[in-house]
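Fold and contact review
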Amino acid sequence: MAYMLLIMEPHGQRAERGLAGGQEAYARMLRFGEGLQARGLLRASESLASTEQAVRLQVREGQARMVDGPFAETKEMVGGFYLLDCATREEAVAIARECPAAEWATVEVREVAPCYHGAL
């Protein structure tokens, strides 16, 4: 089964941490990913840029609406992800506990499933 670990960071945390702190955090995350790869659990992983240059798009009744970041209405941003192959949800949660980002962010564990999964 595939599970995604979404790294949910508080806005502004990267700036507060500074360059050296950010580089150290990034190196820890790379080592974590390398360990997952060595264990045969990692499908993919990426770090995402800040929402400062992000854009959101909605199309309603044929009309597109774009909103440039940063997004004041949000308190967190997706800072990155790990896509894993795990046998169970419990295994994915155990791996999330090992993730260095859990020390400074929230690690959300989600099963990969069709968008209609769980619909009544």
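The rules behind each value
- Residues numbered from 1 in each chain as written.
- Predicted model: local features only at pLDDT ≥ 70, side-chain atom pairs only at ≥ 80, totals over all residues.
- Heavy atoms only, no water.
- UniProt positions renumbered as here; feature names shortened; annotations may be inferred.
- Salt bridge = Lys/Arg side-chain N within 4 Å of Asp/Glu carboxyl O.
- Helix = DSSP H or I, 4+ residues; strand = E, 2+ residues; numbered from the N terminus.
- Buried < 20%, exposed > 50% of the residue type's maximum accessible area, 1.4 Å probe, protein only.
- Pairing = 2+ DSSP bridges.
- Axes fitted to C-alpha atoms, helices over the stretch in contact; angles between N-to-C directions.

In the nomenclature of an unreviewed UniProt entry, the chain is known as YciI family protein of Acidovorax facilis. Per UniProt, the comment on the chain under Sequence similarities (unreviewed entry) is "Belongs to the YciI family."

Time to look at the pattern of salt bridges. Evaluation of the coordinates by the stated rule reveals six salt bridges. Here Arg-28 makes a salt bridge to Glu-103, at a shortest N to O gap of 2.9 Å. Linking Arg-28 in helix H1 (residues 13-38) with Glu-103 in the loop between helix H2 (89-98) and strand S6 (106-111), this pair joins segments that are 75 residues apart in sequence. Judged by its relative accessible area of 23%, Arg-28 falls in the partly exposed class. Given the relative accessible area of 60%, Glu-103 is considered exposed. For Asp-85, the salt bridge goes to Arg-43, with nearest N and O atoms at 2.7 Å. One end of the pair, Asp-85, is in strand S5 (residues 76-85); the other, Arg-43, is in strand S2 (residues 42-47), and 42 residues separate them in sequence. Counted as one network, the salt bridges with shared partners bring together Glu-9, Arg-14 and Arg-17.

A positive phi angle, near 50°, is found at Glu-61, a position not held by glycine. Checked against the element boundaries, Glu-61 lands in the loop between strand S3 (55-60) and strand S4 (63-68). Using a relative accessible area of 83% as the deciding quantity, one classes Glu-61 as exposed.

In space, the four strands of this open sheet follow the order S2-S5-S1-S6, with antiparallel pairing throughout. The strands lining the two open edges of the sheet, one partner per strand, are S2 and S6. Along the sheet, successive strands turn relative to each other by an average axial angle of 20°, direction set aside. Pairing of strand S1 (residues 2-10) with S5, which is carried by nine bridges, proceeds in the antiparallel orientation. Within S5, the residue paired with Leu-6 across the bridge is Phe-81.

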